[in-house]
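# Fold and geometry: a report
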Amino acid sequence: MITKLKKIVLFISLIPTLLLGQELKSQVAVYPVKQQNPTKLNGIFYYLPRNVVKVDVSVAKTVKVKGPYAEFADKFLGIKNIVNENSTTYEIAGIKLNSFPEPDPNQIYQIKVYPDKDKSLVLSFNEDGTLLNCNQSLKTKKHQLNQKFESNNADINLSDDLVSPNEFEKIDTIIRKTNVDTITIEEKFYKRTVSEKPLEIKAKEAADAILKLEESRYNLLNGSNEVNYEKGSIEYMDNQMKKMEDEYLLLFKGTTQYKIINYSFTFIPEIANEGKNNNLFKFSNRKGITDLNDKEGNFVSIVTESMNVTKDIQNIENKDKKSKTESAYFYYRLPEKVRFDVNYLGKSIASDEFSISQFGEIGRLPADGISSMEFYPQTGVLKRIIFNQQ
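Now for a description of the structure that goes with this document.

Scoring rules and cut-offs
Residues numbered from 1 in each chain as written. Predicted model: local features only at pLDDT ≥ 70, side-chain atom pairs only at ≥ 80, totals over all residues. Heavy atoms only, no water. Salt bridge = Lys/Arg side-chain N within 4 Å of Asp/Glu carboxyl O. Buried < 20%, exposed > 50% of the residue type's maximum accessible area, 1.4 Å probe, protein only. Helix = DSSP H or I, 4+ residues; strand = E, 2+ residues; numbered from the N terminus. Pairing = 2+ DSSP bridges. Axes fitted to C-alpha atoms, helices over the stretch in contact; angles between N-to-C directions. Core = buried A, V, L, I, M, F, W, Y, C linked by side-chain atoms within 4.5 Å. Polar contact = N/O pair within 3.5 Å; in protein donor to acceptor, adjacent residues only side chain to side chain. Contact = heavy atoms within 4.5 Å. Expected span 1.5 Å × (residues − 1). Parallel < 35°, antiparallel > 145°, perpendicular 65-115°, else oblique. Left-handed = near helix turned anticlockwise from the far one by under 90°. Nonpolar A, V, L, I, M, F, W, Y, C, P; charged D, E, K, R; others polar.

Here we come to the pattern of salt bridges. Opposite charge on two side chains lets them pair, provided their charged atoms get close. In the structure shown here, the tally under the stated rule is 12 salt bridges. Where Lys54 meets Asp56, a salt bridge forms, and the shortest distance between an N and an O atom there is 2.7 Å. You'll find Lys54 and Asp56 in the same group, each marked buried. As a salt-bridge pair, Lys287 and Asp294 come within 3.1 Å of each other at their nearest N and O atoms.

The following block contains the structure:
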């Protein structure tokens, strides 16, 4: 229907402001587009806003890696609280709800302006077609998905000063006897081979290194060394040895890494879906957030509940029968208060309340005798009105 327009059509999502320099009775007529003949659709158009709910979800990912010497932690160091197996788990860390406006494609209105040399009509628009206050600048914000990563470990870089290499040289003595007639000749030579140390030996060396570092730190802090170090030097050496000790301990205790992953989902509330579970995504502790068609996990859904604040206000749009007659009115929103609950496994894990335009009613404001009108861009509700002085 819109493609049939003969002139440049400017769509606007109401409002925030209409500046009407003089009385508008003979200047402006407004029609709901769905009531108009498509052949007459030319001029200026605006939308009423509707509200979209944005659901921001933070998921904590935990990755545990078993240490290579985990089975010897109790034997050599007496440590029992270790990572026993590799694992990756997910948990919902937080959910935050927000709302933002967008043009409602079901609420489009046509403005017809009749020029009058003695009267003025000023409309200011931004680049996306929103009607703005001429004294107000537009600011846009960028929303980004951030991922925050925190880890209680670093890559393990062990020093070679305390633990010997993983391979050692083995020397076997071989004696060969040769009998020549009645004479026995004995030759002795050495066969050299390189063998890898058994895991238990390497674990024992790492444990010895830890105990040696603990002893060195104790002696350093208690002044048992022959050299009288300055305080700054003592602190530095102690920190370095503590760092090395922690790295060796990771070989026994294992590592645990934490990562925060952020997701965003949008939901358009509709009266027809009130009270129903509207699925957003699936979640499982093993895979985290997945698509709705994934076989694993449980649904995370959002449910709406109207507070019925505007239930006694007559719906002018539905009951106005003057479908094709010109009318000097501007249409605006009367939003409804709506509660939102995000449910998982039968329980509410987040909730909030917002004013939702499409759950409320549509009002009609006569342009006759009005010089200025201003509306809230978030909901389209009337914010300010200035009448002409008689």
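A separate point is the environment of Ala272. Looking at the secondary structure, you find Ala272 in the loop between β11 (255-267) and β12 (278-284). Placed 87 residues apart in sequence, Ala272 and Phe359 show a C-alpha to C-alpha distance of 9.8 Å.

Let's shift gears to the sheet that holds strand β13 (residues 288-290). Here we have five strands laid out as an open sheet, ordered β13-β12-β14-β15-β16, and antiparallel in their pairing. Each end of this open sheet is capped by a strand with a single partner; those strands are β13 and β16 (347-366). Across the sheet, the mean angle from the axis of one strand to that of its neighbour is 30°, orientation sign disregarded. Here β12 pairs with strand β14 (residues 298-306) via five bridges, running antiparallel. Bridged to Phe281 within β14 is Val300.

Moving on, we come to the nonpolar core. Residues Val55, Val57, Phe281, Phe283, Ile302 and Phe340 are the most contacted members of the largest nonpolar core, which totals 23 residues. Contributing elements (two or more residues each) for this core: β3 (44-65), β4 (87-113), β11, β12, β14, β15 (329-344) and β16. Counting residues in hydrophobic clusters, the runner-up holds 19 residues, among them Ala203, Met241, Tyr248 and Leu249.

To continue, consider the pairing of β14. Where β14 lies against β15, seven bridges are found, and the strand directions are antiparallel. Note on β15: the bridge partner recorded for Val303 is Asp341.

Attention now moves to the side chain of Asn51. The residue Asn51 is located in strand β3 in this model. Judged by its relative accessible area of 0%, Asn51 is buried. Here the side chain of Asn51 touches Gln378 through a polar contact of 2.8 Å, landing on its backbone oxygen. Residues within four places of Asn51 in sequence aside, it is in contact with Phe100, Pro101, Pro269, Ser355, Ile356, Ser357, Gln358, Gln378 and Thr379.

As a further point, take the pairing of β3. Strand residues, when the strand is regular, have side chains that alternate between the two faces of the sheet. Both β3 and β4 contribute to a ladder of 20 bridges, which runs antiparallel. Pairing of Lys64 across the sheet is with Ser87, part of β4. Inspection of the sheet shows β3 paired to β11 by 13 bridges, in the antiparallel sense. For Lys61, the partnering residue across the bridge sits in β11 and is Lys259.

Attention now goes to helix α3 (residues 231-253). Look at α3: 32 Å from first C-alpha to last across 23 residues, which is about the 33 Å you get at 1.5 Å a residue. Of the positions making up α3, those classed as buried are Asp238, Met241, Glu245, Glu247, Tyr248, Leu249, Leu250, Leu251 and Phe252. Here the buried face of α3 lies against α1 (73-77), α2 (199-221) and β11. Just beyond α3, the residue with positive phi is Gly254, at close to 85°.

Moving on: the packing of α2 against α3. At a minimum axis distance of 9 Å, the contact between α2 and α3 shows a crossing angle of 160°. Judged on the interaxial angle alone, α3 and α2 are roughly antiparallel. The element α2 and its partner α3 pack so that their crossing is left-handed. Contacts from Ala203, Ala206, Ala207, Ala209, Ile210, Leu213, Glu214, Ser216, Arg217, Leu220 and Leu221 in α2 reach Ile234, Met237, Asp238, Met241, Lys242, Met244, Glu245, Tyr248, Leu249 and Phe252 in α3. Tallied by class, residues from the contact of α2 with α3 come to 15 nonpolar, one polar and five charged.

The next thing to look at is the environment of Asn298. Relative to the elements of secondary structure, Asn298 occurs in strand β14. Between the C-alpha atoms of Asn298 and Leu345, which are 47 residues apart in sequence, the distance is 7.1 Å. Those residues in contact with Asn298 that sit more than four places away from it in its chain are Phe281, Lys282, Phe283, Tyr344 and Leu345.

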